[in-house]
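Secondary and tertiary structure notes
Below, each chain spelled out in residue letters.
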Amino acid sequence: MSSVPTQVDPYDITIRSNGLRRRRVTEKAFGVVAFLSALFACAILLTVLGTLVYKGFSELSLGFFTKPRALFGEQGGIADALVGSAVIVGMAMLMAIPVAVLVAIYMSEYAGPKISRALRIVLDVLNGVPAIVVGIFVFGVLVVGHGQSAVFGAFALAILALPMVARATQEILDVVPQSLRHASLALGVTKWRTTWNVILPAAIGGILTGVVIAVARVAGETAPLLFTSSIAANEVSADVHHALATLPVLIFASSESPDPHEQATAWAAALVLIVFVLVMNVLAKLFAGRKRRQLEGL
Amino acid sequence: MTSTTYDPAAPETDLRRRGLRLGDVLFKGVSVVAAAAATALLGLIAWKVLALAWPAIQDFGLSFVWTDAWDPVAGVYGGLIFVYGTVVTSLIALVIAAPLSIAIALFLTEIAPRRVAAPIATMVELLAAIPSVVLGLWGILVFGPWIRDHLEPWIQATPLGLLPVFSGTPSQAGILPAALVLTIMIIPITSAICRELFIRVPRDLTDGALALGSTRWESIRSVVLTYAAPGIAAAVLLGLGRAFGEAIAVNQTIGNHNVIPTSWFEPGDSLGSKIAAEYVGATSLEQASSILYLAAILMVISLATNVVAQLVVVRFERARRAV
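1. Describing the overall build of chain B
From N to C terminus, chain B includes eleven helices and two strands. Its helices and strands taken in sequence order, chain B reads α-α-β-β-α-α-α-α-α-α-α-α-α from the N to the C terminus. Relative to the globule expectation of 20 Å for 323 residues, the C-alpha radius of gyration of chain B, 26 Å, shows a markedly less compact shape. If you line up chain B on its principal axes, its C-alpha atoms span 90 × 65 × 35 Å. Within chain B, buried positions represent 48% of all 323 residues. Taking contacts inside chain B between residues at least 6 apart in sequence as the whole, the part at least 24 apart equals 76%.

Next up, the structure:
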C-alpha cells in the first residue's frame, strides 16, 4: 500500500524547503499543544482526586462505615448506602452476566458475519441509550403500580451492564485462536462442550475485565436508580423488595444540600465510591494483562 | 464427551445419527434467545418510552417541542427550555472537547514515547471512570465557584465579553459550568476512540509521508487525520450522544431554572436534568406526563445521534475493507 498525496511533487525540493522555518515552528507548536492537552486531562483527574481526598478524608471514621444515615443533625454514616449499593450492583451483575455472555457466544460462535455485525450495532446503540431514559423505562414498566424496589433498580443497572459485558466478551472470544476450536472439534468434542470447556476458559480473563469495568461503571450510576430505588428508609437493610439507599443517590441528594454537614458526607461518600471504582479499574488492568499473556502463549 | 460403547437402544444415539446433539441444540437455542432478547430490549425501551409519553404527546401536540414555557401553576408546559439547555451545553462541550481529544490521542500515539504514553493513557481512562455524580459534586462545590470567580470575569475582560452570551453576572451554576463539566466527561470517551483509530493507521502511509520530507505534523495532517476522518466524526458523535444523555452532573451544575437564559453564565436546565429533578414527585403517570414527553424527546435525540455514529463507523469499516 503506497499512496503519495497527489498535490505533492516529490521531486520539487523548492516547494518543500520554502518556509522551512515556518514549518519547523508549526511542528514545535503542534508538539507543545498536544503535550499540553494530555497534561490538561491528567491535571483534571488529579485535581478531582485531590479534592476528594482533601474534603472527604477527614470525615472518614469507623462510625461512618457502620452507622446508617442520621435523621437530624447527629453524626451519621453511610452503612445503609454501602449495603444497598452492594446488593443492587450484585443483583444487577447476576442478571446481566449470563445473558451478556450468551449473546457474545451467539455472536462469535454461531451467527454469520452479517448478523454478528448487526448485533454489534444493536449493543452499541443500547450502550448509548441515556441512563436516565433506562430509568424512566423501568419506572414505566415495573415501578408504576408496584412501587420502588431494589430489584427494579438492579434491573435498570443490568440493562446498562448488558451491552458492556457482551461487547467485551465478544471481542475476546473473537481473538481466541481458531486452532483451539479445531483441535477440540477434531477430538470429537461437541460444539457446545468446546465452547463451554475450551473457549470460555481461554477467554475468562477478558470476560472478567469486561465484568469488572461494568461493575465499576454501574456502581456509580445515579440516574437509573432515581426512579427505581431512591426513596429509602434510614436503616441498614438488604430487603430487596423495598427501595434501598445507594452511594450515588446519597451523593446526589446531599450534593445539592446547602447544609455543610451534608456536603461533608457527600465528599466522604464520593471518596469511598471513587476508591472502589479505581480499585476495580486496576483489577481490570491486571486481568487484561493476564489474558493477553495467556493468549499470546497459545 | 461421546460414549465409547455403542448402544443402539439409547435414544440420544438416534439424534446423533441425524447429526443432532441435544446439548448443541439447547446451547445454540439459549444463546439465540439471549441475542434476540437483547435486540428486543432495545426495541422495547424505545417503544415503551414513546408509549409512556403518548398521552402527553396527544395532549400537548408536537408544538410542545418548541414551546418556550414551563409553568405548573398555570398548567402551561413546553420543552424548548430543556432542548435548548441540552443542545447548547452539549455543543459547547463538543467544540472544546473535540480538538482537545484529538490532540491527546495524537500525543499518545504519534509523539510520546511508550513509557510516557502508557501512564498518561491510563490516567485518561481513569478520568472516564469517575462517576458522573462525583464529577457533578466537584463541579458544583469546587469547579463552579472557580468558574464564577476567575474564568467568567476573565472571559468578560476579553473582547468575547461583548457577546450577549457572555454578559450578565458570573454564577457558579449555569449553562457554562454544566458545559465545562460535560467537556471533562466526553474528553476521555472521544480521545480513547481516536487513539484506537490512530493506532490502526497503516505505518507505511505515515512513513511514506515522512520519507517524502514531511514534518511529523505534516504527515499527521495529510495522512493520519485524513485516513481517520470518518472515524473521528463517529467518535465525536458518540461523545455528543453521551453529552446529550447526561442527566446527573448537568443537574448538579446547570442551576435548574425554567427559563432560556440569554447569557451562558446564567442558570438554565436540560432534558436529562429536568427528568432527574422530578424523581421525588414521580409516583403516578399522570403527574409525570410532561416529564415523560421530555424523556421521549431525549431518547429520540440520543438514539438518532448514536445510530448516525454507528452508520458512519460501518461505512468507514466497509471502505477500509475494500482497500
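2. Digging into the overall build of chain A
Across its full length, chain A carries twelve helices and zero strands. Written out in order from the N terminus, the α and β elements of chain A read α-α-α-α-α-α-α-α-α-α-α-α. Across chain A, contacts joining residues at least 24 apart in sequence account for 77% of those joining residues at least 6 apart.

3. Some thoughts on the domain arrangement of chain B
In many analyses, interface size is given as the accessible surface area lost on bringing the parts together. Residue and element names in this part refer to chain B. For chain B, the assigned domains are domain 1 (11-60) and domain 2 (62-322). Averaged C-alpha coordinates put domain 1 and domain 2 at centres separated by 34 Å. Each side of the interface is counted separately: domain 1 has nine residues, and domain 2 has eleven residues. The class makeup of the residues in the side of domain 1 that touches domain 2 is nine nonpolar, no polar and no charged.

4. Brief notes about the environment of Ala 229 of chain B
Here Ala 229 of chain B shows up in helix H8 (residues 216-245). As for Ala 229 of chain B and Ser 290 of chain B, which are separated by 61 residues in sequence, their C-alpha atoms are 40 Å apart.

5. Thoughts on the interface of chain B and chain A
On the chain A side, the residues contacting the 77 residues of chain B number 80 residues. Broken down by element, the side of chain B that touches chain A gets its largest block of residues, 18 residues, from helix H2 (residues 22-60) of chain B. Residue composition of the side of chain B that touches chain A, grouped by class: 54 nonpolar, 17 polar and six charged.

6. Structural notes on the nonpolar core
One finds Val 103, Ala 161, Val 165, Ile 251, Ala 269 and Ala 270 of chain A together with Ala 295 of chain B to be the most contacted residues of the largest nonpolar core, which totals 199 residues. Excluding residues that lie within four positions of it along the chain, Ala 295 of chain B makes contacts with Val 133 and Ile 136 of chain A together with Val 49, Ala 53 and Ile 275 of chain B.

7. Examining helix H11 (residues 247-255) of chain A
Structurally, the α-helix is built with 3.6 residues per turn, so residues lying three or four positions apart point the same way. Across the nine residues that make up H11 of chain A, a large majority, eight, are buried. Of the positions making up H11 of chain A, those classed as buried are Leu 247, Pro 248, Val 249, Leu 250, Ile 251, Phe 252, Ser 254 and Ser 255 of chain A.

8. Quick word on the domain arrangement of chain A
Residues and elements named next belong to chain A. Splitting chain A by domain gives domain 1 (13-59) and domain 2 (62-297). Once you take the C-alpha centre of each, domain 1 and domain 2 turn out to be 34 Å apart. Each partner contributes to the interface: domain 1 provides seven residues, whereas domain 2 provides eight residues. Class assignment of the residues belonging to the side of domain 1 that touches domain 2 gives a composition of four nonpolar, one polar and two charged.

9. What to know about the packing of helix H2 (residues 20-56) of chain A against helix H3 (residues 80-111) of chain B
The geometry of H2 of chain A relative to H3 of chain B is characterised by a closest axis approach of 8 Å and an angle of 105° between their N-to-C directions. What the angle tells us is that H2 of chain A and H3 of chain B run roughly perpendicular. Only Leu 100, Ala 103, Ile 104, Leu 106, Phe 107, Leu 108 and Ile 111 of chain B of H3 of chain B make contact with H2 of chain A, whose side of the interface consists of Gly 31, Val 33, Ala 34, Phe 35, Ser 37, Ala 38, Phe 40 and Ala 41 of chain A. In terms of residue class, the contact of H2 of chain A with H3 of chain B is made up of 13 nonpolar, two polar and no charged.

10. Topic: the confidence of the model for chain B
Considering every residue of chain B, the mean pLDDT works out to 87; 90% of them sit at 70 or more. Reported for the predicted complex are a pTM of 0.88 and an ipTM of 0.88.

11. What about H3 of chain B?
With 32 residues, H3 of chain B should cover 46 Å at 1.5 Å per step; its first-to-last C-alpha distance of 44 Å lies within 8% of that length. Among the 32 residues in H3 of chain B, 25 count as buried, and that is most of the element.

12. Regarding unusual backbone geometry
Of note, the phi angle at Asn 256 of chain B is positive, near 50°, even though the residue is not glycine. Positionally, Asn 256 of chain B belongs in the loop between helix H9 (248-253) and helix H10 (271-277).

13. Focus on the environment of Leu 226 of chain A
Here Leu 226 of chain A lies in helix H10 (residues 223-226). In this structure Leu 226 of chain A comes out as buried when scored by C-beta crowding, with 32 C-beta atoms within 10 Å. With 165 residues separating them in the primary sequence, Leu 226 of chain A and Ser 61 of chain A have C-alpha atoms 28 Å apart. Every residue in contact with Leu 226 of chain A, bar those within four places of it in the chain, is listed here: Gly 135 and Val 249 of chain A together with Ala 276 and Tyr 279 of chain B.

14. Describing the packing of helix H7 (residues 203-211) of chain B against H8 of chain B
All names here are of chain B. Contact geometry of H7 with H8 gives a least axis separation of 9 Å together with a crossing angle of 155°. Our classification of the angle between H7 and H8 gives roughly antiparallel. Every pair of crossing elements has a handedness; the one defined by H7 and H8 is right-handed. Residues Leu 205, Thr 206, Ala 209 and Leu 210 of H7 lie in contact with H8, whose contacting residues are Glu 218, Ser 219, Ser 222, Val 223, Val 224 and Tyr 227. Residue composition of the contact of H7 with H8, grouped by class: six nonpolar, three polar and one charged.

15. With respect to the environment of Gly 144 of chain B
Residues and elements named next belong to chain B. In this fold, Gly 144 is placed in helix H5 (residues 132-157). In this structure, the C-alpha to C-alpha distance between Gly 144 and Ala 173, residues 29 residues apart in sequence, is 6.1 Å. Not counting the four nearest positions on each side in its chain, Gly 144 is found in contact with Gly 139, Gln 172, Ala 173, Pro 177 and Thr 253.

Basis of the calculations
- Residue numbering note: each chain is counted from 1, following its sequence as written.
- Here the convention is simple: chains get letters from A, ligands get numbers from 1, in the order in which they are written.
- The predicted nature of this model means local features are confined to residues of pLDDT at least 70 and side-chain atom pairs, given and counted, to a pLDDT of 80 or more, with totals for whole chains, interfaces and linings taken over all residues.
- Think of it this way: any DSSP run of H or I at least four residues long counts as a helix, any run of E at least two long counts as a strand, and we number them from the N terminus.
- For the radius of gyration, the atoms used are the C-alpha atoms, and the globule rule reads 2.2 Å times the number of residues raised to 0.38.
- Exposure classes come from backbone-placed C-beta atoms, where a residue is buried if 20 or more other C-beta atoms lie within 10 Å of its own, exposed if 12 or fewer do, and partly exposed in between.
- Any residue pair is listed as a contact if its two C-beta atoms, each placed from the backbone, are within 7 Å.
- Note that the domain bounds reflect an automated or database-derived domain assignment.
- Just so you know the grouping, Ala, Val, Leu, Ile, Met, Phe, Trp, Tyr, Cys and Pro go in nonpolar, Asp, Glu, Lys and Arg go in charged, and all remaining residues, Gly too, go in polar.
- In this usage, the nonpolar core is the set of buried Ala, Val, Leu, Ile, Met, Phe, Trp, Tyr and Cys residues whose C-beta atoms join them within 7 Å.
- Axes here mean lines fitted to C-alpha atoms, for a helix over just the part in contact, with angles spanning 0 to 180 degrees between N-to-C directions.
- In what follows, roughly perpendicular refers to angles from 65 to 115 degrees, roughly parallel to angles under 35, roughly antiparallel to angles over 145, and oblique to any angle outside these ranges.
- On a scale of 0 to 100, pLDDT captures the predictor's confidence in every residue.
- One fewer than the residue count of a helix, multiplied by 1.5 Å, yields its expected span.
- Here a crossing is called left-handed whenever its near helix is offset anticlockwise from the far helix by less than a right angle, and right-handed whenever the offset is clockwise.

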